[in-house]
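The lines below spell out each chain.
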Amino acid sequence: MTDTRVKVRRIIHAIHAVADVAACRAKYLDLLGGMIFAEGYFEAEDRDMALLYVADFMIEPMSPRDPARLEKHFARYLHRYGAGFHSFEIKIDDGPAVAARLKECGCKLSAEYGFFFYVRQESTGGVLLEVCERPMPNDPYERGDWRPQWAGRHATTVHGLDHIACITPDAGRALEFFTGVLDGELLADERIAVPQPGRRVMVRLAETKVAFIQPDDASGGPLGSFLKPPTSGIYSLVWRVEHEDTAEAFFREKGSRTTRQGCVSEGFAIEPADFLGARHEFIRS
């Protein structure tokens, strides 16, 4: 039987939306040992970006050059949603063909540029998804000898991404989209108690794990509160570290507060307010 699901080649990166891309880039370099490999400007949306790796995972800080130009997609997004994670991006083979296939499945798309586009939250179960057929400029991953351990030892002892954690109002719809429309693999569908009772669906997309978490009570608690304002659905990036104490001490020495409140993992997080609205959690590998 032919598998008609969309083939995901890899999760390329997560976008971190901010007002100041230089300040965001500096955070990743200073706190997480990020390594930049490209920077650029996309005139059609009047936005600047940087591309960097933290250990084995790519992140794209992005900001509107003129935040007052609300006719532009990204300035409008930042004005409405504020700083934080914007989306994660998957690589596919043929942008126009995949866009047509997703529309056949009833999905709503936005910002269609042919080679890349977005799938709106209402079609995915609550997560903004970017879809792209092209490699990122100068991406070390594309050079044919990619080694996830390339970054070596950093003071935080961070050595890889464990998973992307998303908060959704509809985990069933997320499961249907990411394993039925896309070719994701279901790893677990389970109950959780921390940070509040809910359902967690863990899916593997290519080589990356993504959790879709639906709180039982969407009216309260840290997860319910996250769902209340406009949200892209991406709650945190959960990283593996060799030593939690070492990592936490390093962040505090750098002046960044840490917390265990609201964590979807058994580890700790940098206070999102100290990382331009993005939540990074750290667990022992």
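Residues numbered from 1 in each chain as written. Predicted model: local features only at pLDDT ≥ 70, side-chain atom pairs only at ≥ 80, totals over all residues. Heavy atoms only, no water.

Colleague: Would you mind showing me how to read the overall build of the chain here?
Modeller: From N to C terminus, the chain includes 7 helices and 16 strands. Taking 19 Å as the expected radius of gyration for a compact globule of 285 residues, we find that the chain reaches 18 Å, a close match to that expectation. Dimensions of the chain, computed from C-alpha atoms along their principal axes, come out at roughly 50 × 40 × 40 Å. Split into buried and exposed, the 285 residues of the chain put 53% on the buried side. Restricting to contacts in the chain with at least 6 residues of sequence separation, those with at least 24 account for 64%. By element, 47% of the accessible surface of the chain is carried by carbon and sulfur atoms, the whole surface being about 12500 Å². Taking the 35 positively charged and 42 negatively charged side chains of the chain as two groups, their mean positions are separated by 1 Å. (Helix = DSSP H or I, 4+ residues; strand = E, 2+ residues; numbered from the N terminus. Rg over C-alpha atoms; globule rule 2.2 N^0.38 Å. Buried < 20%, exposed > 50% of the residue type's maximum accessible area, 1.4 Å probe, protein only. Contact = heavy atoms within 4.5 Å. Areas by Shrake-Rupley, 256 points an atom, 1.4 Å probe, with all protein chains shown as cover. Lys, Arg positive; Asp, Glu negative; His and termini not counted. Charge placed at Lys NZ, Arg CZ, Asp CG, Glu CD.)

Colleague: What is the right way to look at the packing of aromatic side chains in this model?
Modeller: On inspection of all chains with the given rule, the structure shows 20 aromatic pairs. Aromatic pair Y113 and F116: ring centres 5.0 Å apart, planes at 25 degrees, arrangement stacked. For the pair F115 and F116, a centre-to-centre distance of 5.1 Å together with 65 degrees between the ring planes defines the contact as edge-to-face. On the basis of relative accessibility, which here comes to 23%, the residue F115 falls in the partly exposed class. Its relative accessible area of 5% is what places F116 among the buried residues. Counting every residue linked through ring pairs, the aromatic cluster contains F42, Y113, F115, F116 and Y118. (Phe/Tyr/Trp six-rings, centres within 6.5 Å; stacked < 30°, edge-to-face > 60°.)

Colleague: Hey, could you run me through unusual backbone geometry in this one?
Modeller: Each neighbour pair has its own omega, and for V194 with P195 the value is 0 degrees, a cis peptide bond. Position of P195 among the secondary structure elements: in the loop between β10 (185–192) and β11 (198–205). Even without being a glycine, A111 presents a positive backbone phi close to 45 degrees. Structurally, A111 is set in the loop between β6 (109–110) and β7 (116–119). Owing to a relative accessible area of 23%, A111 belongs among the partly exposed residues under this scheme. Positive phi is not limited to glycine here, since N138 has a value of about 65 degrees. Relative to the helices and strands, N138 is located in the loop between β8 (129–132) and β9 (158–167).

Colleague: Sorry if this is basic, but what is going on with the environment of G125 here?
Modeller: Assignment of secondary structure puts G125 in the loop between α4 (121–124) and β8. Overall, the relative accessible area of 5% leaves G125 in the buried class. When neighbours within four sequence positions are excluded, G125 is seen to be in contact with T168, P169, D170, R173 and A174.

Colleague: When you look at the state of the cysteines in this model, what are you seeing that I'm missing?
Modeller: Covalent bonding between the sulfur atoms of two cysteines is what defines a disulfide. Counted by the stated rule, this structure contains 0 disulfides. Here C105 stays unpaired: no disulfide links it, and the sulfur of C107, its closest cysteine neighbor, is 5.8 Å away. The buried category is assigned to C107, whose relative accessible area is 7%. (Disulfide = S-S within 2.5 Å.)

Colleague: Just to check I follow, could you spell out the nonpolar core for this structure?
Modeller: Within soluble globular proteins, side chains that are nonpolar tend to cluster in buried spots. Formed by 56 residues in total, the largest nonpolar core has its most connected members in Y28, F88, L102, I164 and F178. When sequence neighbours within four positions are dropped, the list of residues in contact with Y28 reads H16, G33, G34, L52, V54, I59, P61, F85, F275, A278 and H280. Judged by nonpolar contacts, the second largest core, of 18 residues, contains A17, M49, Y77 and L128. (Core = buried A, V, L, I, M, F, W, Y, C linked by side-chain atoms within 4.5 Å.)

Colleague: Would you mind showing me how to read the side chain of D139 here?
Modeller: The topology assignment puts D139 in the loop between β8 and β9. Of the residues examined, D139 reaches a relative accessible area of 3% and is grouped as buried. Only 2.9 Å separates the side chain of D139 from the backbone nitrogen of Y141, close enough to count as a polar contact. Each residue touching D139, except ones within four places of it in the same chain, is listed here: R10, F37, Y53 and M58. (Polar contact = N/O pair within 3.5 Å; in protein donor to acceptor, adjacent residues only side chain to side chain.)

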